[in-house]
Amino acid sequence: MIQERIKKEITLAENSRVLEGWISPPPPVYMQYFFFNVTNPDEFLAGKEKPKVTQIGPYTYREYRPRENVTFLENGTKIFATNPKSFVFLRNMSSGDPEVDRVITVNIPFIAVMNELNSYSFFLRSAVSMWMGSMGIEVFMNRTVHEVLWGFKDPLLSKLHALRPEVDEHFGLMYNKNGTHEGEFVFHTGEKNYMDYGKIDTWNGISQMNWWSSNQSNMINGTDGSVFHTFLSRKELLYIFAADLCRSIHLGYVADKEVKGIPAFRFAPPSDVLAPPDVNPSNAGFCVPAGDCLGKGVLKVSVCRQGAPIVVSFPHFYQADEKYINAIDGMNPNEEEHETYLDINPTTGVPIRACKRAQLNVILKRVSGFPKTKFLNETIFPIMYVNETATIDDDSAAQMRTLLLIVTIVSNFPVIIVALGAILLVVLIFLVCRNRQRKVKNTAKDETAYTQVSNQAEDSPENRTNQPSRNGSYIAMSPVEAQKC
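No experiment lies behind these values; they were computed from the predicted model shown.

S.K.: Account for the overall build of the protein, with residues named and values stated.
M.R.: When its secondary structure is counted, the protein shows 12 helices and 19 strands. Within the span of the protein, comprising 485 residues, buried residues form 44% of the whole. Working note: accessible area of the protein is about 26700 Å², and carbon and sulfur atoms make up 53% of it.

Take a look at the structure:
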């Protein structure tokens, strides 16, 4: 009964407390950016050494992500919303100043142009290569962290913008993403079926994508990761649609955890999420064009991100093929620092703690007509990774503990009643028995007295006259009056 009540209460119904927390999530979200600084770019391009990188960061930002334009659809069974994100730099949680610290990294605009020209003639590629060389544009660039992250006016893109105005002359990994959203979402409120609570119905007006090579891969499955249905099971898989990855991923149960006194199930992506088709056949659809597959632990997302050949992975190629790890000097993957996971309270389906970790890479390879790449073997080159974290705040945790206590008491109410009844019965029996013992003792005391042993001579005339002859002394028992105080 209590379960049915919770299923009905925890929905995105209008004016509900759940809806209020969904629109304006109270837990703070932090974005930590780590960059890979290349220490031997010349030796790498000359084919003398494999690339060496050192990790710099974190550069931490507080992320604000309220939902806006919230509109109910189809009699409250669905809800429309956008989720703009804004970022504020936190100096006290960062290892340096992003506007001062510099990083040597791959020149992604250069790679994007080179990749775009790959299908053109050798002569055109050679001409473009000499043109870029005359402007001093190299395979690697030296920029501040702030420029690489939030954008700068790129000289190559500026020249292209003059020729093709639709080309933006600015470049940055997070350029134009501060204050913008990842698309328009329609979610199920859970009013019809509690199992659909928070699931995505459409994204940007579509219920299925079209850039992958199979229908299964193009499906938009699961929630956005902020909520899940109530009464989770350890045996189920949870699905999340990640707009930045252009795909849905699944998470499996890992272990029981506790966060601020709240029980939780930890779910994390298993190794088969980014496994090649020979290990996980359902991933064949993520090979575009069909059959063009990368190895374990990496995913090419350039099909939905026009420009450079962008590849995503877990940080430091965690769970990826050893060949990607060994190709870069400076990769040290480990579960504690690089695993993505969600700690979810199974009763309410609310994430209590979350860690989303993803790495951005670019494919570097030899392209004829560009002599600066002639010594390159195909390499998936790491640029940076992000660690997005959130933990339930203390006030929300206290409310959650109170709710779970009430649920526990109500759920176990029949057991509690039976136990209390048994205890009261034992106490009653004890009191009755003790009362009876007291009555027996009092009755015996009131009705019985003892006379002392006679010390008169047996042959006295009085005795012979009043009582029959007896041998020796005797104890006589006879009723007497109770003594009065």
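There's plenty left to go through after this.
S.K.: Which residues make up the state of the cysteines, and what values do they have?
M.R.: Throughout the structure, instances matching the rule amount to 2 disulfides. Covalent S-S linkage joins Cys246 and Cys304, the inter-sulfur distance amounting to 1.8 Å. What sets the handedness of the Cys246 and Cys304 disulfide is the S-S torsion sign, and at about 85° it is right-handed. Taken together, the residues Cys246 in the loop between β12 (238-242) and β13 (247-259) and Cys304 in the loop between β15 (298-300) and β16 (310-313) connect sequence positions 58 residues apart. Each member of the pair Cys246 and Cys304 is classed as buried. When the bonded cysteines of the protein are numbered from the N-terminus onward, they pair as 1-4, 2-3.

S.K.: Go over the pairing of strand β17 (residues 341-344) with me, naming the residues and quoting the values.
M.R.: Residues Tyr341 and Asp343 of β17 are buried on one face, and the alternating residues Leu342 and Ile344, pointing to the opposite face, are buried as well. Where strand β14 (residues 262-268) and β17 come together, 3 bridges link them in antiparallel fashion. Counted as the bridge partner of Phe267 is Leu342 from β17. Relative to strand β18 (residues 351-364), β17 runs antiparallel, the two being bridged by 4 bridges.

S.K.: Give a detailed account of helix α5 (residues 122-134), specifying residues and quantitative values.
M.R.: In a regular helix each residue adds 1.5 Å, so 13 residues correspond to 18 Å; α5 covers 18 Å between its end C-alpha atoms and thus fits that length. Every buried residue of α5 is listed here: Arg125, Ser126, Val128, Ser129 and Met132. Buried residues in α5, looked at end-on, bunch into an arc of 165°, giving them a common side. Facing away from the buried side of α5 by over 90 degrees, the exposed positions are Phe123, Met130 and Ser134.

S.K.: Go over the pattern of salt bridges, please, and point to the residues and values.
M.R.: Pairing is possible between side chains of opposite charge, provided their charged atoms come close. Overall, the coordinates contain 19 salt bridges when judged by the stated rule. Of the charged contacts, one joins Glu63 and Lys85 as a salt bridge, the two residues approaching to 3.9 Å between their closest N and O atoms. Placement of the pair is Glu63 in strand β2 (residues 53-64) and Lys85 in the loop between β4 (78-82) and β5 (86-89), with a sequence separation of 22 residues. In this structure, Glu63 and Lys85 share a single accessibility class: buried. Here Glu138 ties to Lys372 by a salt bridge, and the two come within 3.1 Å at their closest N and O atoms. With Glu138 in the loop between α5 and β7 (140-144) and Lys372 in the loop between β18 and β19 (379-391), this residue pair connects regions lying 234 residues apart in the sequence.

S.K.: Residues and numbers for the sheet that holds strand β3 (residues 68-73), please.
M.R.: Taken together, the 4 strands give an open sheet; going across it, the order is β3-β4-β10-β11, and neighbouring strands pair in antiparallel fashion. Strands at the two margins of the open sheet, each flanked by one partner only, are β3 and β11 (200-203). Averaged over all pairs of adjacent strands, the angle between strand axes in this sheet comes to 20°, irrespective of strand direction. Relative to strand β10 (residues 184-188), β4 is paired through 5 bridges, and the arrangement is antiparallel. Bridge pairing links Ile79 to Phe187 in β10.

S.K.: Give me the lowdown on helix α4 (residues 108-116), citing residues and values where you can.
M.R.: Extensive coverage of α4 is indicated by the burial of 7 of its 9 residues. Residues Ile108, Pro109, Phe110, Ile111, Ala112, Val113 and Met114 constitute the buried set of α4.

S.K.: Hey, could you go over the packing of aromatic side chains for me, with residue numbers and the actual values?
M.R.: Inspection of every chain in the model, using the stated rule, returns 21 aromatic pairs. On the numbers, 6.1 Å between centres and 40° between planes, the contact of Phe36 with Tyr385 is tilted. In this pair, Phe36 is assigned in strand β1 (residues 29-38) and Tyr385 in strand β19, connecting sequence segments 349 residues apart. For the pair shown, Phe36 and Tyr385 are each scored as buried. Ring plane angle 50° and centroid distance 5.6 Å describe the contact between Phe87 and Trp150, whose orientation is recorded as tilted.

S.K.: Give me the nonpolar core: which residues, what numbers.
M.R.: Across soluble globular proteins, nonpolar side chains have a tendency to be buried as a group. Grouped together as the largest cluster of nonpolar side chains are 103 residues, with contacts concentrated most on Tyr33, Phe35, Phe140, Leu173, Phe317 and Phe381. Ignoring any residue separated from it by four or fewer positions in sequence, one finds Phe35 in contact with Thr54, Gln55, Ile56, Tyr59, Val103, Val145, Val148, Leu149, Leu173, Ile383 and Met384. By size, the runner-up hydrophobic cluster in this structure holds 7 residues, among which are Ile262, Ile392, Ala397 and Leu404.

S.K.: Before we move on, can you summarise unusual backbone geometry with the specific residues and values?
M.R.: The omega torsion across Gly57 and Pro58 is 10°, close enough to zero to call that bond cis. Among the secondary structure elements, Pro58 is positioned in strand β2. Each neighbour pair has its own omega, and for Val288 with Pro289 the value is -5°, a cis peptide bond. By secondary structure assignment, the location of Pro289 is in the loop between β14 and β15. Here Asn176, not a glycine, exhibits a phi torsion of approximately 65°, which is positive. Located in the positive-phi region is Phe231, a residue other than glycine, with phi close to 55°. The topology assignment puts Phe231 in the loop between β11 and β12.

Calculation rules
Residues numbered from 1 in each chain as written. Predicted model: local features only at pLDDT ≥ 70, side-chain atom pairs only at ≥ 80, totals over all residues. Heavy atoms only, no water. Helix = DSSP H or I, 4+ residues; strand = E, 2+ residues; numbered from the N terminus. Buried < 20%, exposed > 50% of the residue type's maximum accessible area, 1.4 Å probe, protein only. Areas by Shrake-Rupley, 256 points an atom, 1.4 Å probe, with all protein chains shown as cover. Disulfide = S-S within 2.5 Å. Pairing = 2+ DSSP bridges. Expected span 1.5 Å × (residues − 1). Arc of directions from axis to C-beta. Salt bridge = Lys/Arg side-chain N within 4 Å of Asp/Glu carboxyl O. Axes fitted to C-alpha atoms, helices over the stretch in contact; angles between N-to-C directions. Phe/Tyr/Trp six-rings, centres within 6.5 Å; stacked < 30°, edge-to-face > 60°. Core = buried A, V, L, I, M, F, W, Y, C linked by side-chain atoms within 4.5 Å. Contact = heavy atoms within 4.5 Å.

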